[in-house]
Amino acid sequence: MIRSIATTPFAGQKPGTSGLRKKVREFQQPHYAENYIQSVFDSLEGHAGGTLVIGGDGRFHNADVIQTAIRMAAANGFGRVLVGRDGLLSTPAASHLIRKYRAFGGIILSASHNPGGPDGDFGIKLNLANGGPAPEKLTDDIYARTGTIREYRIADLPAVDLNKLGEGQAGGMAVAVIDPVADYAALMQSLFDFDAMRSLIASGFSIAFDAMSAVTGPYAHRILEGLLGCPAGTVMHATPLPDFGGHHPDPNPVHAGDLTDLLVTRRAADFGAASDGDGDRNLILGRGIYVTPSDSLAILAANARLTPGYAQGLAGIARSMPTSTAADRVAASLGIDCYETPTGWKFFGSLLDAGLITLCGEESFGTSSSHVREKDGLWAVLMWLNILARRRESVAEIVTGHWREFGRTYYTRHDYEEVDADGADRLMAGLRARFVTLTGQHGICRADDFAYDDPVDGSHSSGQGIRLIFEDGGRIVYRLSGTGTQGATLRVYIESHEADPLRHGLDPQQTLARLIDLSRSLAGIAAHTGRASPSIIT
Ligand code: G1P
Ligand code: ZN
């Protein structure tokens, strides 16, 4: 039986960089998730009888909202739901399933790298038939609907048993509980040379992978320890936990500090990697070296031809605006285009759909390709392993060799987290008001607010981050986070290019010290936020 439940709008159900993301406690209010899911369904057209993929990263509250989403999908006319066993699907695996099974779209329950548990965050994201996040005009429409919603539709059904694989019926809709890993693992086998990687590992090449008690555990376990023959224990924190073991499931050198220490300080393995809450981010480490995500994108692009899936070469590359310009240099040498997009994965989707690019990435530990329409943590790990298996050099040799060829782009991101939102707005407004006066000072040759015109659909996005560009090509970029759930987070991105190989072995924070100081004084960070230094440096 389908019921219509009367409801009233909640303020602030505004999707950010990656869907609606709020504190768990907010999501636990009666009707909160239902209002949002109904607004999502109401924004769709032509979904009757279609397939919906549903899954999440296993965080606290996942199990409840999965059941709600299934019951609401049945009441809103979907013909079939594909749901991962135990309600689990990594974000890239969900993207692949949507594409492979020609689904109408998918609902992904995740707050990505944000902490979980009852005091943590939760999120709901809509992906469409291309496997990618819903575009801005649709999320704007969803938001508008959350402001006027009066009722939602839900089927009166018993909870679906998500532990058992197989297909059944729920309220006239087919519900298939599927292995979350199988299709994804098959996709990886179609892209990479598993024989070459197996022989690298059999030769004693050692790997440490940190799944951060999040969704990639089962994926990494099956692929690394199962298919590639890595020794048991290669995957650490392999069991997804509702609170991620109390940790922040964000694969950067700070939150994956133990792994970074194991590789960079103790030099205890040949290759190290980690992924985030929902499996779309990646951290890459070698013995004694941390590879910045911007460098990783450039290095994958330069070596892509060594892997079967990309042996034909790349159509083009895209990077988000704050990501370093290292990939641009590779694109130039390959004679292909490099697109600069606003932050957030959704902007890559139209370039990928149109076949203009093959690889894309962001400085925030996100890299991927045309195989899905999301970033993909394990994919990046396997691409690195495939390249390592072919080149038989260490990670450090590959990275320093890349710098010798293209120069090194020193790069750092300074985050000022959970600062006062009004102060952060004033800081940004203050910079915007001074574009003309700043130009010409301190070697700044251009100051602007980044805007983007999508070359495929013509859509225009403005206010995407303030850029100070220096005569020597250096940059300082300021933007406010669109994924935080408390106050505002100011992100400051700083980079400078160094062509001279004799100056490639320096410490990034020291090398960038002048620009770092300028980033603080020019914007008046301490005055506007009350913070003399960032809360996190990556
Ligand atoms: C952050 C990252 C951005 C990424 C997004 C989703 O968004 O900076 O690159 O696409 O998470 O993973 P932000 O909080 O900066 O808006
Ligand atoms: Zn994520």
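See the structure above.
Residues numbered from 1 in each chain as written. Chains lettered and ligands numbered in written order. Predicted model: local features only at pLDDT ≥ 70, side-chain atom pairs only at ≥ 80, totals over all residues. Heavy atoms only, no water.

Looking at helix 11 (residues 326-334)
The condition that has to hold: To sort residues, take the accessible area from a 1.4 Å probe on protein chains only and compare it with the maximum for the residue type: under 20% means buried, over 50% means exposed, and anything in between is partly exposed. Helix and strand assignments come from DSSP, with helices taken as H or I runs of at least 4 residues and strands as E runs of at least 2, each series counted from the N terminus. Think of the arc as the fan of directions from the helix axis to the C-beta atoms.
Within helix 11, burial applies to Ala326, Ala327, Val330 and Ala331. Buried positions in helix 11, seen along its axis, are confined to an arc of 135° and lie on one side of it. One or two positions beyond helix 11, positive phi appears at Gly335, with a value near 75°.

A closer look at the packing of helix 7 (residues 194-202) against helix 13 (residues 377-391)
To keep things clear, this is the line we draw: The axes are straight lines fitted to the C-alpha atoms, using for helices just the contacting stretch, and the angles between their N-to-C directions are given from 0 to 180°. Angle categories: roughly parallel below 35 degrees, roughly antiparallel above 145, roughly perpendicular from 65 to 115, and oblique for all the rest. Contacts: residue pairs with any heavy atoms within 4.5 Å of one another.
At a minimum axis distance of 9 Å, the contact between helix 7 and helix 13 shows a crossing angle of 70°. Comparing the axis directions of helix 7 and helix 13 gives the class roughly perpendicular. Contacts between helix 7 and helix 13 involve Phe194, Ala196, Met197 and Leu200 from the first element and Leu382, Leu385, Asn386, Leu388 and Ala389 from the second.

What to know about the site of ligand 1
Note the following rule: For this description, a residue counts as near a given molecule or strand if any of its non-hydrogen atoms is within 4 Å of it. The term polar contact refers here to a pair of N or O atoms within 3.5 Å; inside protein, the definition further demands a hydrogen-donor-capable atom paired with an acceptor-capable atom, and it admits residues adjacent in sequence only when both atoms are side-chain atoms. For the area figures, the Shrake-Rupley method with a 1.4 Å probe applies, and any residue is considered shielded solely by the protein chains shown. Think of it as three bins: nonpolar holds Ala, Val, Leu, Ile, Met, Phe, Trp, Tyr, Cys and Pro, charged holds Asp, Glu, Lys and Arg, and polar takes everything else, Gly as well.
Close to ligand 1 lie 14 residues, the nearest being Ser364, Ser481, Gly482, Thr483 and Arg491. Contact distances for ligand 1 include 2.6 Å between an oxygen atom and a side-chain N or O atom of Arg479. Ser481 places a side-chain nitrogen or oxygen 2.6 Å from an oxygen atom of ligand 1. In isolation ligand 1 has 380 Å² of accessible area, and contact with the protein removes 99% of it. Of the residues that constitute the shell around ligand 1, the class distribution is no nonpolar, 8 polar and 6 charged.

Some points on the coordination of the zinc ion (ligand 2)
Put simply, the rule is: As a rule, N, O and S atoms within 2.8 Å of a metal are its donors, except that Na, K and Ca use 3.2 Å; water is not among the atoms, so sites may look incomplete. Think of it this way: with four donors and all angles in the 85 to 135 degree range, the site is tetrahedral; with four or six donors, opposite ones beyond 155 degrees and the rest between 65 and 115, it is square planar or octahedral; otherwise it is irregular.
Looking at the zinc ion (ligand 2), the protein donor atoms are Ser112 (OG), Asp276 (OD), Asp278 (OD) and Asp280 (OD), and they sit 2.0 to 2.1 Å from it. What the 4 donor atoms of the zinc ion (ligand 2) show is an angle range of 85 to 160° at the metal, which sorts the shape as irregular. Look at where the donors of the zinc ion (ligand 2) fall in the sequence and you get S-x163-D-x1-D-x1-D. One end of the pair, Ser112, is in the loop between strand 5 (105-109) and strand 6 (121-128); the other, Asp276, is in the loop between strand 12 (271-274) and strand 13 (283-286), and 164 residues separate them in sequence. Taking relative accessible area as the criterion, Asp276 reaches 0% and is therefore assigned buried.

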